[in-house]
Amino acid sequence: MTTKYKEVAYYPGCALDGSGHAYNTSTKAIGKSLGLKLKEVKDWNCCGAMEVKNIDPKLQTYLSSRVMSIAANEMGFDTVMAPCNGCYHNLKKAEYDLANDSESADVVERLSEKAGHDTYQAGQIETIHALDWIKDAIGEDGIRERVKNSLKGIKVANYYGCMYTRPRHIFPEKDQGGASESTSQPHFMDDILEAAGAENVDYPLKTACCGGAHTLSDSDTSTKLVLNLLQAAEESGAEVIATECPTCHSGLEMHQIRAETNFGIKTKVKVLYFTQLLGLALGLKPRKLGIHENVSDSMGFIKEKGLA
Amino acid sequence: MIPLNDIEARIESAETASELLALGEAVLEHWLEAHGKNPTATKREGFRLLALHRQGAQGEPSFNACRETCRELVYHYNLINLDPEHSETAKRLRLARMVAKHLFLFVSGKMEVDGLGEFCCSSRPLRAQSS
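Worth saying up front: this structure is predicted, and the values here are computed from it rather than measured.

**Re the overall build of chain B**
Turning to step 1, where the next piece is worked out: Within chain B, the regular secondary structure consists of six helices and zero strands.
Turning to step 2, where the next piece is worked out: Helices and strands appear in chain B in the N-to-C order α-α-α-α-α-α.
Turning to step 3, where the next piece is worked out: Across the 131 residues of chain B, 41% fall into the buried class.
Turning to step 4, where the next piece is worked out: Restricting the contact set of chain B to residue pairs at least 6 apart, pairs at least 24 apart contribute 56%.

Below is the structure:
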């Protein structure tokens, strides 16, 4: 275990306040169990997500920079942990734009002055994902030491979605060889859950699109994409899909139901956040991990596996 | 060129990895032609599929969301063809079909949302007439 990331600023973002609340609950629960301190960013705002970014990318850069400015300049942190792939991606993109695009820096400076807060300067904050947080602060050996209910015998397909590793240029710390994360074959979630005892399956669609952006505009396309992800997980031998993105997670859960009601195709694979699986392995109760808040019911499976 | 609407059914009935690779190329050809580009005949890392993907992502960075799907299709093609007698070949072929299907769903969904291609009410000829 390292001292890195033992105490970080926590940016849950909008999704973890709403549809991904179980991810928020389980992230906080495992942090507490592992002795890692999370200090929520004060008065945080939306990262700019997809909607703002599509209309005005520089406004998204400003919105993300404000979160980092508060963490750095008002709270004194040098690390922000964002469990949501969209938030993580957007903060990373803002960091890149501010370091490489003077027009973005000008817009951020002007809007920050107008809003009355310090302008965020590139390099003040390192944005990390919840996977980096656990992997670096605790590590696989640290997890093995703390496991109370091994996930032994549970076959897991680790699903990262498309925003955790793309575009590559905003993640300069990835693809550095050794133990660094890979943008083409990400493995941090695999490493963490394997240390908790799980048996990871070879899942060929671990970074494929879940159709999240089409959910409202073209639900059938999203349902077909998700159904294919679910069926591929089952074909790979998985009993559970582990997720690390609230948009992917809710899409998988909702379209699993929609695939059954609209297309008559039922899939049995369970969908759980990696934080929930890790929490179960650490001996936390399902309720503490927000498993009752998930749309899909995994309780029977969890009891059958002796995890509750 | 194979009509886009026929590709999904062909993927589901494909019996070889070579067929799936060719169908993946056909999907990307549709994407390129809808964008007014001439699909390349060149190869990248030994595969036309990867060259077509790279061509399709030029000026369209969000298209990289299917980059690994293309690479997985190539990976499964290699797995199957390097050891066709392997006990898991049938399973690998089923997974390769799912990977190819994901590529089709992603690209065709993206084309439909962008109003490209020949789709029912958003058909390009109809849009051209109404404009």
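**Some remarks on the domain arrangement of chain A**
Residues and elements named next belong to chain A.
Turning to step 1, where the next piece is worked out: Parsing chain A into structural domains produces domain 1 (7-128) and domain 2 (149-304).
Turning to step 2, where the next piece is worked out: Taking the mean C-alpha position of each, domain 1 and domain 2 sit 24 Å from one another.
Turning to step 3, where the next piece is worked out: For the side of domain 1 that touches domain 2, the secondary structure elements donating two or more residues are α1 (13-17), α2 (21-34) and α5 (85-100).
Turning to step 4, where the next piece is worked out: With nine residues, α2 is the single largest residue contributor to the side of domain 1 that touches domain 2.
Turning to step 5, where the next piece is worked out: The residue inventory of the side of domain 1 that touches domain 2, partitioned by class, reads nine nonpolar, ten polar and two charged.

**Side note on the interface of chain B and chain A**
Turning to step 1, where the next piece is worked out: Listed per partner, the contact involves 20 residues of chain B and 21 residues of chain A.
Turning to step 2, where the next piece is worked out: The element contributing the most residues to the side of chain B that touches chain A is helix α5 (residues 89-113) of chain B, with eleven residues.
Turning to step 3, where the next piece is worked out: Of the residues contributing to the side of chain B that touches chain A, the split by class is nine nonpolar, five polar and six charged.

**A closer look at the nonpolar core**
Turning to step 1, where the next piece is worked out: Counting 128 residues, the largest nonpolar core has A:V80, A:I192, A:L193, A:L229, A:L277 and B:L73 as the members making the most contacts within it.
Turning to step 2, where the next piece is worked out: Two domains share this core, each providing at least three of its residues, namely domain 1 (7-128) and domain 2 (149-304) of chain A.
Turning to step 3, where the next piece is worked out: Beyond its immediate stretch of four places on either side in the chain, A:V80 contacts A:V8, A:A9, A:Y11, A:V41, A:V67, A:M68, A:A71, A:L91, A:I125 and A:T127.

**Some points on unusual backbone geometry**
When glycine is set aside, most residues are seen to have a negative phi, and most peptide bonds are trans.
Turning to step 1, where the next piece is worked out: A cis amide bond links A:R166 with the next residue in sequence, A:P167, at an omega value of -10°.
Turning to step 2, where the next piece is worked out: Relative to the assigned elements, A:P167 resides in the loop between β5 (155-159) and α9 (188-195).
Turning to step 3, where the next piece is worked out: The backbone of A:D43 sits at a positive phi, close to 50°, despite the residue not being glycine.
Turning to step 4, where the next piece is worked out: Looking at the secondary structure, you find A:D43 in the loop between β2 (37-40) and α3 (49-55).
Turning to step 5, where the next piece is worked out: Backbone geometry at B:E45 places phi at a positive 50°, although glycine is not the residue there.
Turning to step 6, where the next piece is worked out: Its place among the elements puts B:E45 in the loop between α2 (17-34) and α3 (48-57).

**Considerations on helix α11 (residues 246-263) of chain A**
Turning to step 1, where the next piece is worked out: Between its first and last C-alpha atoms α11(A) spans 24 Å; for 18 residues at 1.5 Å apiece the expected length is 26 Å, and the two agree.
Turning to step 2, where the next piece is worked out: Just beyond α11(A), the residue with positive phi is A:G264, at close to 70°.

**A look at the packing of α2(A) against helix α12 (residues 274-281) of chain A**
Residue and element names in this part refer to chain A.
Turning to step 1, where the next piece is worked out: Packing of α2 against α12 brings their axes to within 8 Å, and their N-to-C directions diverge by 40°. Viewed along their axes, α2 and α12 adopt a mutual orientation that is oblique. Considering the relative orientation of α2 and α12, their crossing is left-handed. Residue-level inspection shows Y23, S26, T27, A29 and I30 of α2 in contact with α12, the latter providing T275, Q276, L278 and G279.
Turning to step 2, where the next piece is worked out: A breakdown of the residues in the contact of α2 with α12 according to their chemical character gives four nonpolar, five polar and no charged.

**Looking at the environment of A:Y203**
Residue and element names in this part refer to chain A.
Turning to step 1, where the next piece is worked out: Among the secondary structure elements, Y203 is positioned in the loop between β6 (199-200) and α10 (219-235).
Turning to step 2, where the next piece is worked out: Residue class for Y203 comes out buried when judged on the 25 C-beta atoms lying within 10 Å of it.
Turning to step 3, where the next piece is worked out: When the C-alpha positions of Y203 and A29 are compared, they lie 28 Å apart, and in sequence the two are 174 residues distant.
Turning to step 4, where the next piece is worked out: Those residues in contact with Y203 that lie beyond four places of it in its chain are A157, N158, Y159, A233, S236 and A238.

**Regarding the pairing of strand β8 (residues 270-273) of chain A**
Residues and elements named next belong to chain A.
Turning to step 1, where the next piece is worked out: Burial along β8 is two-sided: the residues K270 and L272 and V271 and Y273 are all buried.
Turning to step 2, where the next piece is worked out: Of the strand pairs in this sheet, strand β7 (residues 240-243) and β8 are connected by four bridges, and their pairing is parallel. Bridge pairing in β8 places T243 opposite Y273.
Turning to step 3, where the next piece is worked out: With α11 bridging β7 and its parallel neighbour β8, the resulting β-α-β unit is right-handed.

**Quick word on the sheet that holds β8(A)**
Residue and element names in this part refer to chain A.
Turning to step 1, where the next piece is worked out: The sheet built from four strands is open, its strands ordered β6-β5-β7-β8 with parallel pairing. Every other strand in the sheet has two partners, leaving β6 and β8 as the edge strands with one partner each.
Turning to step 2, where the next piece is worked out: Looking at chain direction, β5 and β7 are connected through four bridges and run parallel. By the bridge assignment for β7, Y159 is matched with T243.
Turning to step 3, where the next piece is worked out: Together, β5, β7 and β8 form the strand contacts of α11, whose direction differs from that of β8 by roughly 160°.

What counts, and at which threshold
Residues numbered from 1 in each chain as written. Chains lettered and ligands numbered in written order. Predicted model: local features only at pLDDT ≥ 70, side-chain atom pairs only at ≥ 80, totals over all residues. Helix = DSSP H or I, 4+ residues; strand = E, 2+ residues; numbered from the N terminus. Buried ≥ 20, exposed ≤ 12 C-beta atoms within 10 Å, placed from the backbone. Contact = placed C-beta atoms within 7 Å. Domains from an automatic or database assignment. Nonpolar A, V, L, I, M, F, W, Y, C, P; charged D, E, K, R; others polar. Core = buried A, V, L, I, M, F, W, Y, C linked by C-beta atoms within 7 Å. Expected span 1.5 Å × (residues − 1). Axes fitted to C-alpha atoms, helices over the stretch in contact; angles between N-to-C directions. Parallel < 35°, antiparallel > 145°, perpendicular 65-115°, else oblique. Left-handed = near helix turned anticlockwise from the far one by under 90°. Pairing = 2+ DSSP bridges. Right-handed = clockwise from strand over helix to strand, strands pointing away.

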